[in-house]
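One-letter residues, chain by chain:
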Amino acid sequence: HLDLEPFALIGPAIASLVYVHRFDEAAQMSRAHATLVESLATPVLLVSADGTIGRLNEAASIALDLPAAQARGRNIHDVLGTDLSSLSGGSAEVQRGENRLEADWLPFRAPGVHAVVLRDVTRLRMLQDHVHRAHRLASLGTMSAGLAHEIRGPLTYLSHNLEFLGILMDEDGPSDLDGDGQVTQ
């Protein structure tokens, strides 16, 4: 007969070790995610499903002009002024002071966490506005040239006829005109 009572205590101990090992792996994974997000040059915020900001990197803090400590725990809607959670994988443009930011709402690998990736599109929008104004000015220039051409044609015709009439009056004098304004010979 084999006494298994000493082994009965080993089972819970092994289960505890497995649990601690898995908890340690999860903690290491969480630290790896935090390190990855923090090391990115692109502004990134990690947001819970209800919109609470859990983590943001230094680039996001700079883009939002908001210290990380003041952003953590706040709702993304309060920080950006728009509700990104309704986008579910889309993007929105938000105005933050002088800056125009494009925010993408992306599901993150961790369950219930979303990544909000920000891009400063201020300069891009300024360039687009500049190009749009240039196109409008080019259209105005084309229209002005066409209008000038349409006016210049009849004016040239009138000018030439008046010049011709002046030459006739100098050569023959005003007596050569009959009562209808026609030149007679």
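Cut-offs applied
- Residue indices begin from 1 for each chain and proceed along its sequence in written order.
- Reporting in this predicted model follows two pLDDT cut-offs: at least 70 for local features of residues, and 80 or more for side-chain atom pairs to be given and counted; totals over whole chains, interfaces and linings ignore these cut-offs and use all residues.
- Think of the side-chain values as coming from all heavy atoms in the structure, minus any hydrogens and water.
- A run of H or I in DSSP counts as a helix once it spans at least four residues, and a run of E counts as a strand once it spans at least two, with each numbered from the N terminus.
- Buried, partly exposed and exposed residues are distinguished by accessible area as a fraction of the type maximum, computed with a 1.4 Å probe on protein chains only: under 20%, between the cut-offs, and over 50%, respectively.
- Every residue pair with non-hydrogen atoms within 4.5 Å of one another is taken to be in contact.
- Per-residue and other accessible areas follow the Shrake-Rupley method at a 1.4 Å probe size, with only the shown protein chains counted as cover for residues.
- Here the rule is simple: two strands pair whenever DSSP picks up at least two bridges between them.
- In plain words, nonpolar cores are sets of buried Ala, Val, Leu, Ile, Met, Phe, Trp, Tyr and Cys residues tied together by side-chain atoms within 4.5 Å.
- Salt-bridge detection follows one rule: a side-chain nitrogen of Lys or Arg within 4 Å of a carboxyl oxygen of Asp or Glu.
- Side-chain atoms alone can form a polar contact between residues adjacent in sequence; in general such a contact is a pair of N or O atoms within 3.5 Å, and within protein one must be able to donate a hydrogen while the other accepts it.
- A fitted line through C-alpha atoms serves as each axis, taken over the contacting stretch for helices, and the angle formed by two N-to-C directions is quoted from 0 to 180°.

## Structural notes on the overall build of the protein chain
Counting its secondary structure elements, the protein chain contains 6 helices and 5 strands. By the burial criterion, 22% of the 185 residues in the protein chain qualify as buried. Across the protein chain, every contact between residues at least 6 apart in sequence was considered, and the portion connecting residues at least 24 apart equals 29%. Accessible area of the protein chain: about 13,300 Å², with a carbon and sulfur share of 60%.

## Digging into the pairing of strand β2 (residues 53-56)
The pairing of strand β1 (residues 44-48) with β2 spans 3 bridges and is classified as antiparallel. Paired with L45 across the strands is L56, a residue of β2.

## Quick notes on the nonpolar core
The biggest cluster of nonpolar side chains holds 18 residues, and the ones touching the most others in it are L45, I53, L64 and L118. Secondary-structure elements contributing two or more residues to this core are β1, β2, α3 (58-64), α4 (68-71), α5 (76-80), β4 (99-107) and β5 (113-120). Aside from chain neighbours lying at most four places away, what touches L64 is L45, V79, L80, R96, L101 and L118.

## A closer look at the side chain of D104
By the element assignment, D104 lies in strand β4. Note on D104: relative accessible area 14%, which makes it buried.

## A few points about the pattern of salt bridges
Applying the stated rule across the entire model yields 2 salt bridges. It is possible to trace a salt-bridge network through shared partners that takes in E102, D104 and R119.

## Notes on the pairing of β1
Of all 5 residues that make up β1, 4 are buried, and the element is covered over most of its length. One ladder, built from 5 bridges, connects β1 with β5; its direction is antiparallel. Counted as the bridge partner of V47 is H114 from β5. Taken together, β1 and the strand that follows it, β2, pair antiparallel across an intervening segment of 4 residues, in which G51 is found at a positive phi of about 95 degrees.

## Structural notes on unusual backbone geometry
The backbone of D65 sits at a positive phi, close to 50 degrees, despite the residue not being glycine. On the secondary structure map, D65 appears in the loop between α3 and α4. Residue classification places D65 among the exposed positions, given a relative accessible area of 69%.

## Side note on the side chain of N57
Counting through the fold element by element, N57 comes out in the loop between β2 and α3. Within polar-contact distance, the side chain of N57 engages the backbone nitrogen of A60 at 2.9 Å. Apart from the residues within four sequence positions on either side, N57 is in contact with V37, E38, L40, T42, P43 and V44.

## What about the environment of A69?
One can find A69 in helix α4. Measuring from C-alpha to C-alpha, the distance between A69 and R55 comes to 9.3 Å, with 14 residues separating the pair along the chain.

## Notes on the sheet that holds β4
Across the sheet, which stays open at both edges, the 5 strands sit in the order β2-β1-β5-β4-β3 with antiparallel pairing between neighbours. Unpaired on one side and paired on the other, β2 and β3 (91-96) mark the two borders of the sheet. With strand direction ignored, the average angle separating the axes of adjacent strands in the sheet is 30 degrees. Bridge analysis of β4 against β5 gives 7 bridges, and the strand direction is antiparallel. Bridging from a neighbouring strand, E102 pairs with R119 of β5.

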